[in-house]
Structures are given as C-alpha cells and as structure tokens.
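Chain and residue survey
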Amino acid sequence: MAEQKAPQMQATLGLTGLTSNAMALIAPGAFLWLTFYIQATTGAAGQPSTAPAMWWGILLALLLCLATAVAYAEISKLYPGTGSSYYYAEQALLSKDKAFKYARVAKFIVGWGSHLYYWVYPGVMVGTTGIFVGYVVGFLYPNFISGSNPGPVFMALVAIVFSFFVAWIAQKGAGASTAVNLAINVVQISALLVFSVLALGYRVNHPAGAPAFQYDAQTQSTYTYQFATNPKDSSTLRDASGAPLPLLDKAGKPVPFTADYPEKDASGNLLTHPTALSVISPHNFNWVFIQATVAILILVGFESVTAMGGEAKNPTKHIPIAVIASLLIQGLICYLIEYFAANYFLNSGYTMQSAAGSAAPIGDMMIIVGDALLGQGHGKYFMLAEALTVFLALIGTTLSCMNTGARVTYAMGKDDEAPEHFGMLHAESLTPRRAIWTLAVISAVLGTLAVTCVFADGSAPTDATIAALPHGIFSSFGYTTHDKLAALPNSLLTITLTSNFGTFILYALSCFLCIVAYHKRPDHNFLIHTLIPGFGLVANLICMGFYVAGPFFNLGTKMEPLTALGISGAWGLYGAIYFLRASKAKGKTVLLESKGAAS
C-alpha cells in the first residue's frame, strides 16, 4: 500500500520558505481584484452602503490580526509542531496543573472550529476564481459570456476544475508548493503596486472639469463622450453593436465627458471620495465594524505557517518571524496602499456604484488607467497582463490554504480525533493526500454554491442588463429578474461570512490560548502575553457580535450573516454530537484523568 502511518514529515523549510507560504495566503494581488466588489456591495437593504468605511475596515481588521499574530508567534515558540492552534490547545492546557483535564475537549473545539475556516476558505477562493475567469473570458469573447455578469454555470465549472488543479499541486509536497508561492509573491505584489501608482496618477491628472474617460460595463470599454440616455428609465441608448450612443450638443457634436467627484447619489450611497482624507476617514464606526467582518478574509493566512512546524528547519526561531513579517508586508504595506489608491481613483466615469455592479471592479479600473497610459483601446492589454498575475496569486493563496487545512485535518486524524484515514501520509510525497483530496471535493462544492447567486441582493443587475446578456446555458442560465435576485442572499458573501466567522472563532481561541500558555510562567510578559492577546480576543469577539446583533439593528445586510450563523451553528452542533459519540465508541474519556492520558 502507498499510504501508511510510518512516514514522517521532513524539515525542509527555512525562514524564506515559511514566510512565502504565509504571504501566499495573504495575497493582496488577488484580493484587491476580487473582494473590492464584495466590500462595495456590503450594506443593508434600503440603507446606504457601508463602502465609505472600506479603508478603515481593513485597518481595524489589520489591528485585530496583528494582535492575533503576536499570540501565534509567542505560542509557537513554546510548542512547535504540526497542527497550529489545534496542537497549541492541547499543549497549553497540559502545561497547567488544574486545567490539564480539559486538554482533549479544548483541542477538539479548536480543531473542529478551525475547519469552519480552513475548509470553507478554499471554497471562497475557487468560487472567486470562477468569477475572475468569467470576467476575463467575457472580456475576450463578449458574444459568448458577459464579463461584468458571467454565467453561474460557467463560473461553477471553472471553480470545480481549479479546485482539483490546486489539490494536484498540493499533494506533490511542501517543497513544490513553496517554490510556486515564492515566485507568485514577487510577481503579484509588483503588479498591484504598479496599478496603485497608475490609479493615483489618474486621479491627480484628472481634476474636476478635466477631459476624462467614461467606462461602459456592457462593452467593457472607455469613451470620451457623455452617454445618451432614455428619458423614461435613464438607461443608456446603444447602437446595433451595443456601443453607447453619444449625447449630442446643439451643433450635433458629441458632448465631451469631463471628470467630477460627487460624493453621494440620491439614496445616500457613496459615488466617489471628494478628497484623499475622505478615503481614510471612518465615516461611521458601525460601518467600520461591518467592513471589518468582510475585510478579515483578505488578511487571514499569517498563521498558516504554524501548521508547518513539522516541516520547518528551525521552528522556534523562524515561525514567529514568518507570522509577523507576512502580515506586516502584505497587510500594512500592500493592502493599505492599494485600497487607498483604488478608492481615491473613483470618479464620475467609474463610481463605487459602478464597482458594485461589476464582477471585477479593479479589472475595470485597470482598463481605464491603461487607456490613459497607453492610449484609448490599449488599456485592455494592461488589464490582461495584470489579470495573469492575479490568477497566479489565486493559485498561491488557494494552495497555501489547502496545505494548511489538510495539515490541521491530518493532525486530528493522527490523534484519532477525526477519521483515522486522515492521519496518513503518502510514502513518497510525505503529504496528507487523503485530507488534501477530501478538501478539494469540499472546495469544489462550496465554490459552486458561492457562484450560484453571486449577483443577488445588493448586486442584483437591472432587468435591462439581464436582457442584454448573451443567451445560453453558460451565460444567462440562472438570471431571472432584478426583483427576484434582489430578494435572494448573495451566495458569495454568505460563504465568505461563514469562513470569516470560523476565522473569528479560531483567532479568539488562539489569543486566549496564548494567555493561558504563558500564565504564571517565569518568562511571562504582561504586554506581549496578556495585553496584546487580550485585545485580540476582545476584538475578535466584537466582530463576531456584529454577526448576531447587526441584522437586528439594521446594521449591514441581513440574509447573509444570519445564514452564515446558521451554518456555523449546525457545524458546531454536529461537532459536539460527533465528539461524544466517537469518545464513547473508542472508549475515550471526555475529561483527562492524568496528563499521560493525552494522545
């Protein structure tokens, strides 16, 4: 047999490899492209969008993650090994004379809860890959599929293929994954910083009243004239090819389009940021917390290297550095710069409401800035070049999360707290292949669910947009009417919030474990081992609280967080039943009678 329990993981990863794996999961190139749309649409029905607080939401999520990263870094110094927080939970409680009896319960709760993050997160990634590929294919072949609103069937097929492709890379071993991630990090960070510079340059060079480009979502092209509209419904008038007709002046000439920066529309929704200060202002602290519950998705992953303790050459030294360094590079430097540039770029030719109706707002922005740099009609080449780097980043982040999730599942299987076959390593690659391929199937299913109603709720397209979609099973199947789609929860946001809720659970427990692990130790430091993890614990709990309280106080959208809470509750209940039944069947006591009874 190829698989058995005898093989052991080999220590092959140094500081660069560990940091690269963590940075790959926090992929700013992929997330700026993909989650700008989700954050632009986050809000309550009938209420203004929370998008004005997008930058501050990321800042709050970053502070939360930094506090959690410190907790991970410190606890990894005490207990280097495979399994991350799952392993830490057992070791932290076993180190205490009175609390040791809860070690098995604690590690199962942490391990089971972490799967809500590690098993759902790859599903979000393969789903967003389906959306991304749909956008690019729609741009290249507009008669086949709409780039702004790709077909759910097409996106689901991409998600399924991508899930198994990434799993195929993951099962080859940590060495292959690390090499891929290192190259991807360099390429995608460089590419997105280039976009940031161009976006800022476009804003600076197009003050109010200056000639500028107006973007049309249907043709995915820019125009230098104002669009003619139907006086009855304000829809854009088009010629036979679908191109928008120009608004004509009294002399019969097209009216030039000029840049403007209106702050809000008639409903109070953000259109553009009039000043740079507006971008970095909180606007409304309720909105900040709502944005943070979404933004946590783009920052998670720094802890992934703690699951690779068995493959690290010097885990006690290098893992703590990799945890902090990955978050500082990707979160503090890349994200805050890139999100500032994208928000500041918004103008009357492409507003936040334009972003809310597009499958890939950053792709649209790249076309506009590319046209400004290379000449009208040539921005598509810049967008396609950047799209390639984003696709590479998607491979890296999905690969890193699959590796981490599979290793946590492997640790539980090895401890006999999950089905035994998950605790087996392949004899040649020394990877938990069964866990990896199981995760691939789960990711494919969740990715398919994520794209079924991705253009629902606040992002529901207009009836005119739906009518203009190319007809066919890959392009228009699944689109009904605006009102019906608006009444449904956004499937991508629902799956995202489910993953994020699992993240908040895991991070809160990890901060608590750090406090427990260092309690009464001679090397205890109040700032590092109590105050900072304590802040992380409280911040995670507050964000979790917004899932529960927000919908009842009309803060943010309702359907998606309540559905996410329902899924999380069902997962927790199933875990409790599984744990008690498995304990009885295997003759294990729930509470340990001695420290030696731990697995």
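Residues numbered from 1 in each chain as written. Predicted model: local features only at pLDDT ≥ 70, side-chain atom pairs only at ≥ 80, totals over all residues. Heavy atoms only, no water.

What follows covers the overall build of the protein. Helix and strand content of the protein: 20 helices and 4 strands. Counting across all 599 residues of the protein, residues that qualify as buried make up 59%. Counting only contacts in the protein whose residues sit at least 6 apart along the sequence, the fraction spanning at least 24 positions is 79%. As displayed, the protein offers around 22,200 Å² of accessible surface, 67% of which is attributable to carbon and sulfur atoms. (Helix = DSSP H or I, 4+ residues; strand = E, 2+ residues; numbered from the N terminus. Buried < 20%, exposed > 50% of the residue type's maximum accessible area, 1.4 Å probe, protein only. Contact = heavy atoms within 4.5 Å. Areas by Shrake-Rupley, 256 points an atom, 1.4 Å probe, with all protein chains shown as cover.)

Moving on, we get to the environment of Cys401. Within the secondary structure, Cys401 sits in helix H14 (residues 379-414). According to the relative accessible area criterion, Cys401 is buried, its value standing at 0%. Sequence-wise, Cys401 and Trp119 are 282 residues apart; in three dimensions their C-alpha atoms are separated by 8.6 Å.

This brings us to the nonpolar core. With 167 residues, the main nonpolar core has Trp33, Phe36 and Phe195 as its most contacted residues. Examining the composition of this core, we find that 15 residues originate from one element, helix H18 (residues 491-518), more than from any other. (Core = buried A, V, L, I, M, F, W, Y, C linked by side-chain atoms within 4.5 Å.)

All right, on to the side chain of Ser278 then. Summarising the element assignment, Ser278 is placed in helix H9 (residues 276-279). Beyond its immediate sequence surroundings of up to four residues, Ser278 is in contact with Pro52, His273 and His283.

Orientation of H18 relative to helix H20 (residues 559-586), taken along the N-to-C sense of each, is 50 degrees, at an axis distance of 8 Å. Looking at the two axes, H18 sits oblique to H20. Our pair here, H18 against H20, has a crossing hand that is right-handed. Each of Leu493, Thr494, Leu497, Thr498 and Phe501 in H18 lies in contact with H20, whose residues at this interface are Glu560, Pro561, Thr563, Ala564, Leu565, Ile567 and Ser568. Within the contact of H18 with H20, the residues separate by chemical class into 7 nonpolar, 4 polar and 1 charged. (Axes fitted to C-alpha atoms, helices over the stretch in contact; angles between N-to-C directions. Parallel < 35°, antiparallel > 145°, perpendicular 65-115°, else oblique. Left-handed = near helix turned anticlockwise from the far one by under 90°. Nonpolar A, V, L, I, M, F, W, Y, C, P; charged D, E, K, R; others polar.)

Averaged over all residues, the pLDDT of the protein equals 85, while 90% of them reach at least 70. Looking at the elements of the protein, mean pLDDT is at its lowest for strand S1 (residues 3-4), recorded as 46, and at its highest for H9, recorded as 96. Below a pLDDT of 50 lies the segment residues 1-6, which in the model reaches 11 contacts outside its immediate sequence neighbourhood of four places, other chains included. (pLDDT = per-residue confidence, 0-100.)

Over its 31 residues, helix H11 (residues 315-345) extends 43 Å from the first C-alpha to the last, a length consistent with the 45 Å expected when each residue adds 1.5 Å. Along H11, the helix axis deviates most sharply at Tyr335, where the bend reaches about 35 degrees. (Expected span 1.5 Å × (residues − 1). Bend = angle between axes of the 7 residues up to and from the residue.)

The next point concerns unusual backbone geometry. Despite not being glycine, Gln220 shows a phi value in the positive range, around 55 degrees. One can find Gln220 in the loop between strand S2 (214-216) and strand S3 (221-223). Judged by relative accessible area, which is 4%, Gln220 ranks as buried. Its identity as a non-glycine residue notwithstanding, His283 has a phi of 65 degrees, on the positive side. Locating His283 in the fold gives a position in the loop between H9 and helix H10 (285-299).

Applying the stated rule across the entire model yields 6 salt bridges. For Glu90, the salt bridge identified is with Lys107, shortest N-O distance 3.3 Å. Within this pair, whereas Glu90 is found in helix H4 (residues 85-94), its partner Lys107 is found in helix H5 (residues 103-118), the two being separated by 17 residues in sequence. In this structure Glu90 comes out as buried when scored by relative accessible area, which is 4%. Of the charged contacts, one joins Asp523 and Arg521 as a salt bridge, the two residues approaching to 2.9 Å between their closest N and O atoms. (Salt bridge = Lys/Arg side-chain N within 4 Å of Asp/Glu carboxyl O.)

Before going further, it helps to spend a moment on the side chain of His318. Checked against the element boundaries, His318 lands in helix H11. A relative accessible area of 17% means that His318 is categorised as buried. Setting aside residues no more than four positions away along its own chain, His318 makes contact with Gly14, Leu15 and Leu18.

This paragraph deals with the packing of aromatic side chains. Counting across every chain of the model gives 32 aromatic pairs. Consider the rings of Tyr215 and Tyr350, whose centres lie 5.5 Å apart with planes at 75 degrees: the pair is edge-to-face. Linking Tyr215 in strand S2 with Tyr350 in the loop between H11 and helix H12 (352-356), this pair joins segments that are 135 residues apart in sequence. Residues Tyr215 and Tyr350 agree in their burial class; the two are buried. On the numbers, 5.2 Å between centres and 45 degrees between planes, the contact of Phe302 with Tyr507 is tilted. Separated by 205 residues along the polypeptide, Phe302 in the loop between H10 and H11 and Tyr507 in helix H18 bring together distant segments of the chain. Judged by relative accessible area, which is 0%, Phe302 ranks as buried. Among the aromatic residues, those joined into a cluster by ring pairs are Phe108, Trp112, Trp119, Trp571, Tyr574, Tyr578 and Phe579. The positively charged end of Arg203 is found above the aromatic ring belonging to Tyr261, 3.8 Å away from the centroid. Above the ring of Tyr344, the side-chain terminus of Arg203 is found at 4.1 Å from the ring centroid. (Phe/Tyr/Trp six-rings, centres within 6.5 Å; stacked < 30°, edge-to-face > 60°. Lys NZ or Arg CZ within 6 Å of the ring centre and 35° of its normal.)

Another point: H18. The end-to-end C-alpha distance of H18 is 41 Å, a good match for the 40 Å that 28 residues give at a rise of 1.5 Å each. Of all the 28 residues making up H18, 24 are buried; the element is thus mostly covered by neighbouring parts of the structure. Measuring from the backbone nitrogen of Leu492 back to the side-chain oxygen at the start of H18 gives 3.1 Å, which picks out Asn490 as the cap. (Polar contact = N/O pair within 3.5 Å; in protein donor to acceptor, adjacent residues only side chain to side chain.)

As a further point, take the environment of Ser304. Looking at where Ser304 falls in the secondary structure, it is placed in the loop between H10 and H11. Sequence separation of Ser304 and Val408 is 104 residues, and the distance between their C-alpha atoms is 9.9 Å.

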